[in-house]
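# A structural walkthrough
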Number of protein chains: 2
Amino acid sequence: MNLDQSKIPQATAKRLPLYYRFLQNLHASGKQRVSSAELSDAVKVDSATIRRDFSYFGALGKKGYGYNVSYLLSFFRKTLDQDEVTKVILIGVGNLGTAFLHYNFSKNNNTQITIAFDVDESKIGTEVGGVPVYHLDTLEENMPGDTPVAILTVPAPAAQSITDRLIKKGIKGILNFTPARLNVPDSIRIHHIDLAVELQSLVYFLKHYQGES
Amino acid sequence: MNLDQSKIPQATAKRLPLYYRFLQNLHASGKQRVSSAELSDAVKVDSATIRRDFSYFGALGKKGYGYNVSYLLSFFRKTLDQDEVTKVILIGVGNLGTAFLHYNFSKNNNTQITIAFDVDESKIGTEVGGVPVYHLDTLEENMPGDTPVAILTVPAPAAQSITDRLIKKGIKGILNFTPARLNVPDSIRIHHIDLAVELQSLVYFLKHYQGES
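In this report, the structure presented in the accompanying data block is examined. Think of each chain on its own: its residues are numbered from 1, step by step along the sequence as written. Each chain takes a letter, starting from A, and each ligand takes a number, starting from 1, following the order in which they are written. Two thresholds apply to this predicted model, a pLDDT of at least 70 for residue-level local features and 80 or more for giving and counting side-chain atom pairs, whereas whole-chain, interface and lining totals are computed over all residues. Just so you know, side-chain values use all the structure's heavy atoms and leave hydrogens and water out.

## A short note on the pattern of salt bridges
Residues and elements named next belong to chain B. A pairing counts as a salt bridge when a side-chain nitrogen of Lys or Arg comes within 4 Å of a carboxyl oxygen of Asp or Glu. One pass over the full model with this rule turns up twelve salt bridges over all chains. Here Glu38 and Lys31 are joined by a salt bridge, their closest N and O atoms 3.1 Å apart. Only protein chains enter the accessibility calculation, which uses a 1.4 Å probe; a residue whose area is less than 20% of its type maximum is buried, one above 50% is exposed, and one in between is partly exposed. Judged by relative accessible area, Glu38 falls into the partly exposed class, the value being 35%. Exposure remark for Lys31: the relative accessible area of 32% places this residue in the partly exposed category.

Okay, here's the thing in structure tokens:
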């Protein structure tokens, strides 16, 4: 099947990696079919949303049968370009950066952190989670030219200037874990995850939406 | 002003901590008023959305003047219950957990991590980021009874059984950083942040929505 993926709603696109991971687990456990209700229970997305999401891909479950796990899995693998590895660099090998480097992304994923940068001399020249750490001063010479994605786990005051350097080197997307809001051209995509905001948001919801889901 | 906060749309509620943080910075720098365009540029939310969000609070900017920073700030402080500290516990003092414990939440925030748990004997009895670490086996006796929120930064296979124990002890919300999808009663709120899914989602967007914002 050939479809124009830019027609898929972004909210649907965001859920694809989640579906993919769960289908991998199902497949590994030998399960051959799955209902939207089972999927719903496992991934915590309501089953009407799952059915709508899947309909964009022409994957229409049969009543009383559900979805074929192998078919879905091979379809998602292609859709998510699982066969093509995307190179990622990481800037900032502190606790959070180290957590990322030890996280085994390649197991369930099509991304690979190939190189990391820091300014701490004691880390330069070492490997963390199998990834070599270089000095940030050498970013321009050592960052591979075909790297589209950077993970930013540096102190907030350093974030913007590093971002400017990354963009000059051709980065297309940044996973920003700093509290800083980054100024970038429209062509650059930023996904921002701010730990303090996530925590505060959860507290706010608990206080004001207690009992709703 | 007294308003029923459960009437605020959840999408709006999610942006409140972001607005609050930026207004604090503005106020600290001595700025007395701010336009929705300036706010928009700083927090990366379009200005129509900001105006609509603020209108839920009756905070209506004046044309050519904008919003009064002090008023907004004191209003958000009350709305977000900044004067009331919410206790948080953290389970799993690995790299990610340690990053959380070193993150100075209390500076911009109304939350405080009071105690952490792990199973690594070398960590038990130490303090990380000023927070004491106890053995997970003693969760039931050492977790303060009035703790509504837990941060879960443990290996995925341990997540569900720890969640069950937390719920028995009265936890209301969990910030889940493990890849595991947790089964909980409807009354428990889970915010799930999966590092691999975040990274994969960014890669997917780069490939299929290039150039859109």
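Next comes the rest of the write-up.
## Structural notes on the pairing of strand β6 (residues 131–135) of chain A
All names here are of chain A. To qualify as a helix, a DSSP run of H or I must reach at least 4 residues; to qualify as a strand, a run of E must reach at least 2; elements of each kind are numbered from the N terminus. Burial along β6 is one-sided: the face carrying Val131, Val133 and His135 is buried and the face carrying Pro132 and Tyr134 is not. Looking at chain direction, strand β5 (residues 127–128) and β6 are connected through two bridges and run antiparallel. Bridge assignment links Val128 to a residue of β6, and that residue is Val131. Counting the residues in the hairpin turn of β5 and β6 gives two residues, including Gly129, whose phi is positive at 60 degrees. Two strands form a pair only when DSSP identifies at least two bridges running between them.

## What about helix α4 (residues 69–79) of chain A?
All buried positions along α4 of chain A are accounted for by Val69, Leu72, Leu73, Phe75, Phe76 and Thr79 of chain A. The buried side chains of α4 of chain A occupy one side of the element, clustering within an arc of 165 degrees when seen end-on. What makes two residues a contact is simply this: any of their non-hydrogen atoms within 4.5 Å. Each element contacted by the buried residues of α4 of chain A is listed here: α1 (10–28), β1 (33–34), α3 (47–55) and β2 (67–68) of chain A together with α8 (195–208) of chain B. Polar contacts, as used here, are pairs of N or O atoms within 3.5 Å; protein pairs need one atom able to donate a hydrogen and one able to accept it. Residues neighboring in sequence count only if both atoms are side-chain atoms. Two or three places before Ser70 of chain A, at the opening of α4 of chain A, Asn68 of chain A has a side-chain oxygen 3.0 Å from that residue's backbone nitrogen. What the arc measures is the spread of directions leading from the helix axis to the C-beta atoms.

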